[in-house]
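One-letter residues, chain by chain:
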Amino acid sequence: MEKARITVARGDGIGPEIMDAVLNVLFSAGARVEIDEIEVGEKVYLSGNTSGIPDTAWETIKKNKILLKAPITTPQGGGYKSINVTIRKTLGLYANLRPVRSYHPIIPCRSPNMNLVIVRENEEDLYGSIEYQQTSEMTMALKLISIPGTEKIIRFAFEYARATGRTKVTCMTKDNILKITDGLFHKIFEEIGQEYPDIQKDHWIIDIGMAKLANSPEIFEVVVLPNLYGDIASDVVAEIAGSIGLAGSANIGDEYAMFEAIHGSAPKYAGLNMANPSGLLNAAVMMLVHIGQGDIAQKIENAWLKTLEDKIVTYDIARVLKENGITDYKQVGTKEFASAIVERIGEEPKVLKPAKYPLIKIKIKETRNVRDAILTLRGVDVFLDERRLKPHEIGKLLEEVQTEKLKLIMITNRGQKVYPSEITETLLTDHWRCRFESDSSITHKDIRELLERIEAKGLNWIKIENLYYIGDKRVYSLGQGQ
Ligand code: NAD
């Protein structure tokens, strides 16, 4: 059978040791892969390359498309860019997958039946890092949720669930507050979910959902979330699992994918043959499933589970066992742990549930539905920087400048309507949103005329936001109290 060529980065700190251990297991299990090694990380950073990735490494990453990466040490001090963020953005790795499960009763866990996968959208939301200071007192970040980006991640979550034999996909958003952005994510989840009648679906508001995730993780199987919530949820579930040394993660794109442990380079354990290679091994298992070698993935995971069952563990797990009053374990080093796994290749665990992976590559269907919505311009929000005037004074000036077409509807401060209104309780900043709407469609020229009239009154507009309708549906949010 044809071998897959993958790129391997040994990383820093404990990276090289755990990578050696993982490659030993991979090759002993008959993984059909050939490797090209690249040097990225600390050495490259310290040689003056602030990205930490030399051009030659990029060539190899792009050629092979699959990267297995050990953790990297980011040197202290400013100016060094995160390798992970750079790789994720450059290669379009839109899905971040973090499976977390309990190994109870072998490793005691307060949620013995936990076995879930967080599927985090990886490119959009607040992680566009589009931020501004707008006035002396106000800052702003853009939360971007797109139709094609959301369709891709939702479809990925369902396909992944189906391929790996999971029966339920849960979506979490805050669409009771963010009706347009998170509302879109939820709506697309419901739409695409219909194409998967064999899979149960449910939706949780993120705050209660996150609490449930922390308290009763066993009720979830696959959880799909927008970027920021997914980032937080991933760490919440990793914490419940007990040891940071166990979990792997995958970053998946249309063409490229990167697999790594969730922990860092643990420099204080570097070179001591103590680190647990399980996180990187579990990442390598995900990689094998991704490239269509589920048979080898299954073999490796079962041998690893059997090793845990035989209570052969590295120092970190030994500590957890000891804390739980378990003493009949054998503590070994990184290398010896890998050898113990290799010895058990072909065996299956007896207490823990054996792994079962698809033997074919998980294929994500073409995702993009072309949507040609016609947006009709029906108004404008004009943002002012103003610290001298009171709401009713701004309101009065703006009523004088409103045009035949564009009428002042309201003014908000921090999203709360302050004009026309008697509310005086809310804290007022120097950042005002003034909404002008029209009964019929308007043009950019109408907006320019309005802005000129606003300027003529001595008011400082700092930003505008166009207000659209699609058909007879308003596609912008109402002000709090509007
Ligand atoms: P860390 O995850 O490296 O280590 C924290 C502690 O967790 C360690 O001291 C150790 O007690 C334990 N630990 C971690 N991995 C372990 C393993 N495999 N086996 C046994 N115990 C393990 O986090 P940190 O100390 O905050 O970060 C160290 C360096 O790693 C920093 O330079 C950081 O930037 C980097 N980092 C890299 C990545 C990555 O490359 N993906 C991720 C996180 C942190």
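Residues numbered from 1 in each chain as written. Predicted model: local features only at pLDDT ≥ 70, side-chain atom pairs only at ≥ 80, totals over all residues. Heavy atoms only, no water.

### Details of the site of the ligand
Around the ligand, the surrounding shell holds 20 residues, and the nearest of these are Ile-72, Gly-264, Ala-266, Asn-276 and Tyr-315. Take Gly-264: an N or O atom from its main chain is 2.7 Å from an oxygen atom of the ligand. At 3.0 Å from an oxygen atom of the ligand is found a main-chain nitrogen or oxygen belonging to Ser-265. For the ligand, whose free accessible area comes to 810 Å², the fraction covered by protein is 68%. Of the residues belonging to the shell around the ligand, the class tally is nine nonpolar, seven polar and four charged. (Near = heavy atom within 4 Å. Polar contact = N/O pair within 3.5 Å; in protein donor to acceptor, adjacent residues only side chain to side chain. Areas by Shrake-Rupley, 256 points an atom, 1.4 Å probe, with all protein chains shown as cover. Nonpolar A, V, L, I, M, F, W, Y, C, P; charged D, E, K, R; others polar.)

### Quick look at the sheet that holds strand S5 (residues 115-121)
The strands making up a sheet associate through backbone hydrogen bonding, with each pair oriented either parallel or antiparallel. On the basis of which strands lie adjacent, the open sheet formed by 10 strands has the order S2-S1-S3-S12-S11-S4-S5-S10-S8-S9 and mixed pairing. The open sheet terminates on both sides in strands that have one partner only, identified here as strand S2 (33-38) and strand S9 (200-205). Put simply, the sheet's adjacent strands are angled 20° from each other on average, direction ignored. Sheet topology places strand S8 (residues 168-173) next to strand S10 (residues 222-225); three bridges connect them, and they run parallel. Paired with Thr-170 across the bridge in S10 is Val-223. Contacting strand S4 (95-101), S5, S8 and S10, helix H8 (residues 227-241) runs over the sheet at an angle of about 155° to S5. (Pairing = 2+ DSSP bridges. Helix = DSSP H or I, 4+ residues; strand = E, 2+ residues; numbered from the N terminus. Axes fitted to C-alpha atoms, helices over the stretch in contact; angles between N-to-C directions. Contact = heavy atoms within 4.5 Å.)

### Re the side chain of Glu-17
Assignment of secondary structure puts Glu-17 in helix H1 (residues 15-28). Here Glu-17 is buried and forms no salt bridge, its nearest opposite-charge partner Lys-335 lying at an N-O distance of 8.4 Å. Discounting chain neighbours no more than four positions away, the residues touching Glu-17 are Tyr-269, Ala-270, Gly-271, Leu-272, Asn-273, Met-274 and Thr-334. (Buried < 20%, exposed > 50% of the residue type's maximum accessible area, 1.4 Å probe, protein only. Lys, Arg positive; Asp, Glu negative; His and termini not counted. Salt bridge = Lys/Arg side-chain N within 4 Å of Asp/Glu carboxyl O.)

### Some points on the domain arrangement of the chain
Interface size is commonly expressed as the accessible area that is lost once the parts come together. Under the domain assignment used here, the chain contains domain 1 (1-88 + 242-350), domain 2 (110-240) and domain 3 (375-474). Between the C-alpha centres of domain 1 and domain 3 there is a distance of 54 Å. (Domains from an automatic or database assignment.)

### Considerations on the pattern of salt bridges
Enumeration over the complete set of coordinates arrives at 34 salt bridges. With a shortest N-O distance of 3.7 Å, Arg-387 and Asp-430 are connected by a salt bridge. Of this pair, Arg-387 sits in the loop between strand S15 (375-385) and helix H13 (391-401) while Asp-430 sits in the loop between strand S17 (416-419) and strand S18 (431-437), and the two are 43 residues apart along the sequence. Glu-465 is paired through a salt bridge with Lys-463; the nearest N and O atoms lie 2.6 Å apart. Given the relative accessible area of 40%, Glu-465 is considered partly exposed. The network of salt bridges with shared partners includes Lys-306, Asp-310, Glu-343, Arg-344 and Glu-347.

### Description of H1
The end-to-end C-alpha distance of H1 is 20 Å, a good match for the 20 Å that 14 residues give at a rise of 1.5 Å each. Residues of H1 that are buried: Gly-15, Glu-17, Ile-18, Met-19, Ala-21, Val-22, Leu-23, Val-25 and Leu-26. The inward-facing, buried residues of H1 contact strand S1 (4-9), S2, strand S3 (66-69), helix H9 (278-290), helix H10 (294-309) and helix H12 (334-343). Just beyond H1, the residue with positive phi is Gly-30, at close to 85°. (Expected span 1.5 Å × (residues − 1).)

### Some points on the pairing of S15
For S15, the tally of buried residues reaches eight of 11 residues, placing the bulk of the element in the interior. With 10 bridges joining them, S15 and strand S19 (residues 460-470) adopt antiparallel strand pairing. When the sheet's bridge partners are listed, Val-382 is paired in S19 with Ile-464. Bridging between S15 and S18 involves seven bridges; their strand directions are antiparallel. Residue pairing across strands places Asp-381 opposite Arg-435, the latter belonging to S18.

### Some points on helix H6 (residues 181-193)
The end-to-end C-alpha distance of H6 is 18 Å, a good match for the 18 Å that 13 residues give at a rise of 1.5 Å each. Across the 13 residues that make up H6, a large majority, 10, are buried. Structurally, H6 contributes buried residues whose contacts are with helix H5 (147-163), S8, S9, S10 and H8.

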